[in-house]
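As a plain string of letters, each chain reads:
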Amino acid sequence: MTTPDQVPSGAREGKNMIDIEVLRGLFLFEKLDDDKLRWLARYGDEEEYDAGEAIVKQGDPADCFAVLVEGEVVMITETTAGPVTMTPTSQSGAYAGAVLAYLGDRAPATYGHTLRATKPTRMFMLPARKYGMIMAEWFPMAVHLLDGARLGGMAQREFIDRRQRLTALGTITAGLTHELNNPAAAAVRAVDDLREKVKSTRRRLATLAEDGIEPQRLRALIDLQEACAASISEAPSRSPLQISDAEDELADALEEAGVQDAWEIAPPLVAAGFKVAKMDKVRDALGERYLDEAMHWLSEAIEITQMLNEVTDSTERISSLIASAKQYSQMDRAPYQTVDVRELLDSTLTMFRGKIPPGITIATDYDPELPPIPAYAGELNQVWTNLIHNALDAMAGTGILTVRTRLEHDTIALIEICDTGPGVPEALRERIFEPFFTTKAVGEGTGLGLDISFRIVAGRHGGDLRVESKPGDTRFEVRLPLTETAAPA
């Protein structure tokens, strides 16, 4: 052990020596004996800083290990998206600066952050090389453990980070597959039915021709079919009871007119707004002789139009889902761009739609005045994914998921992901953004979703992520600057 009597030649007395009892009162040094405390007092300095004064500056040579004695400090880290400011602390013994100096030649050469006093503050400043030396001599086993834990933690974090992304991707992919399957299956069914209906209408036209129908009568029938097809989308909304009554009325009239299978052909005719009066027009235009075949052809032709509309709706739904998937993944787009947050949120909700339980209602409340923002869109989509996934888990199948945007102070975009679950206990709110901390059962969560989200929001975008929670109302609030604060990496 190195003691004050074994000081190397060239050692200097501290300019502002600190009392060893003050050092003993700091939790970092409370277990050290008097010899070690005197050694620290000899080689370290007690420095005073005014409010707003920088104690260490990011990018400067990392030559001091800094420990808070009294006052308040805040840590600020400059990122590619602007400064990230941590919560100020007045905890005596809090430390910063060259904390990795015990790594020797492998230690960072410059400070990775700025430490600034927010109130008049006293600091204990120990030269980095002295701090590294005492760590190696006084706590050699601790140095090996810390180094191993640091390297292992970095590797584990990287591995679980990738796993978290893959898990989220798997959830989204399952939902997207489910959503794509529904319109695709509907289109396949409609096409199969179309084949049979088209074949049947060709035969009925052939039958009418064989019966000698005049060209002008056939033209009148085709014009009537086109008018009915055009009116399908314009048909007024009716209750199931009203539709049933209309079908009964038309079927009775068709049956009285001698039309076969009236109860089968009435529903598609009613869906096109066909009434008894129109049947009389068909009879007047074509005559009694052709009425039965003409009404069957007209019903099938209208069904073909309805099936084509179904195919169109299904393919448009598929196209919309693919567009949402591209928006979500930011395929073929620059990583840093000006984006509409509402589009990002909508694309994420679309990806989740197949995984949202029927007991959960989705509500969106978007501020129309919110302008586009500069952002890493793909990374923000990962934030929405994590927050929405957590909200759905919290509600356990029943509740309301609300996604809201607001313009705050004309400079900030506020995005809220809200759920009506049981809430986050107050004792846990300060920990939920810690790496590997999770409230889920073993095997159900990695504890990195919120940590990753915080790093994306704060580290990459210079924003802020916080939670407000009470039973029945939990809100994760994301604040993002509306202007680019730094050139993107």
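In what follows, the accompanying structure is described.

What counts as what
- Residues numbered from 1 in each chain as written.
- Predicted model: local features only at pLDDT ≥ 70, side-chain atom pairs only at ≥ 80, totals over all residues.
- Heavy atoms only, no water.
- Pairing = 2+ DSSP bridges.
- Helix = DSSP H or I, 4+ residues; strand = E, 2+ residues; numbered from the N terminus.
- Axes fitted to C-alpha atoms, helices over the stretch in contact; angles between N-to-C directions.
- Salt bridge = Lys/Arg side-chain N within 4 Å of Asp/Glu carboxyl O.
- Buried < 20%, exposed > 50% of the residue type's maximum accessible area, 1.4 Å probe, protein only.

Turning our eyes to something else, we now look at the sheet that holds strand E8 (residues 121-127). The four strands are arranged E1-E8-E3-E6 in an open sheet whose pairing can be described as antiparallel. Since the sheet does not close on itself, it has two edges, and those belong to strand E1 (45-49) and strand E6 (95-97), each with one partner. Adjacent strand axes in the sheet meet at a mean angle of 35° when their direction is disregarded. Where E1 and E8 come together, five bridges link them in antiparallel fashion. Bridge pairing links Glu48 to Arg122 in E8.

It is worth spelling out the pattern of salt bridges at this point. Working definition: two side chains of opposite charge can pair if their charged atoms are close together. A full pass over the atoms with the stated rule returns 20 salt bridges. Notably, a salt bridge pairs Glu70 with Arg122, separated by 3.2 Å at the nearest N-O pair. With Glu70 in strand E3 (residues 64-70) and Arg122 in strand E8, this residue pair connects regions lying 52 residues apart in the sequence. The class for Glu70 is partly exposed, based on a relative accessible area of 47%. Taking the shortest distance from any N to any O, the salt bridge between Arg217 and Glu214 comes out at 2.9 Å. In this structure Glu214 comes out as partly exposed when scored by relative accessible area, which is 30%.

The values reported here are purely geometric and, on their own, carry no functional implication.
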